[in-house]
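# A closer look at the structure
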Amino acid sequence: MLVENLQTFLSTSAAVTALLGTTSSRSDSTNGIFPVEAMDGPALTMPYIAFSQSDGEPIAENMTGTPLLRQAHWMLSCYGSTYKSAKKLAMAVKTVMLAASPTTLPSTQGVWLRRESDESISVGKGTMYGVHVSFLIIFNETA
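Attention here is on the structure that accompanies the text. These numbers were taken from a predicted model, which means no experiment stands behind them.

Across its full length, the protein holds three helices and five strands. Counting from the amino terminus, helix and strand elements in the protein follow one another as α-α-β-β-β-α-β-β. Relative to the compact-globule value of 15 Å for 143 residues, the protein shows a C-alpha radius of gyration of 16 Å, a close match. Each of the 143 residues in the protein was classed as buried or not, and the buried ones make up 40%. Partitioning the contacts of the protein with sequence separation of at least 6, the portion at a separation of at least 24 is 57%. Element-wise, carbon and sulfur atoms account for 56% of the exposed surface of the protein, whose accessible area totals about 7700 Å². Of the side-chain charges in the protein, 9 are positive and 11 negative, and the distance between the mean point of each set is 11 Å.

So, in structure tokens, the structure goes:
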């Protein structure tokens, strides 16, 4: 399943873990990569990534049904306590995602960068920064 492959791919990427840390080095004991949104609470360690699928559809349809080849847009949101840390994490994510191949990110046939946008979020007495990068991924749907 692409979502599991994506989580494993990002969490084992040296460039990404260099910025996020590992489950043993992070005070929140996570790998810093979360589906849809990060865990809630003061224990959350910065920086982190939240990823989600924004759309998806089959590449083709035929008389026997829908083949397993799909395309989908995935947004990887990179958050940091500073704008610079969020941008550095987004750059690492873009670099590893665009270098992905079917052998490094199983089930994929191709990855293309589609969008990048920035935001600042007021939290408590400070500001958190987010850089959202969206990719078009062509992949084979697996169970």
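From this point on, the discussion continues.
All right, on to the packing of aromatic side chains then. Going through the model one piece at a time under the given rule, you end up with four aromatic pairs. Taking the centre distance of 6.1 Å and the plane angle of 65 degrees together, the rings of Tyr-83 and Tyr-129 count as edge-to-face. Highlighted residues: Tyr-83 in helix H3 (residues 83–98) and Tyr-129 in strand E5 (residues 126–140), separated in sequence by 46 residues. An aromatic cluster is defined as three or more aromatic residues linked by ring pairs; in this entry it consists of Phe-34, Tyr-48 and Tyr-79.

Rules used throughout
- Residues numbered from 1 in each chain as written.
- Predicted model: local features only at pLDDT ≥ 70, side-chain atom pairs only at ≥ 80, totals over all residues.
- Heavy atoms only, no water.
- Helix = DSSP H or I, 4+ residues; strand = E, 2+ residues; numbered from the N terminus.
- Rg over C-alpha atoms; globule rule 2.2 N^0.38 Å.
- Buried < 20%, exposed > 50% of the residue type's maximum accessible area, 1.4 Å probe, protein only.
- Contact = heavy atoms within 4.5 Å.
- Areas by Shrake-Rupley, 256 points an atom, 1.4 Å probe, with all protein chains shown as cover.
- Lys, Arg positive; Asp, Glu negative; His and termini not counted.
- Charge placed at Lys NZ, Arg CZ, Asp CG, Glu CD.
- Phe/Tyr/Trp six-rings, centres within 6.5 Å; stacked < 30°, edge-to-face > 60°.

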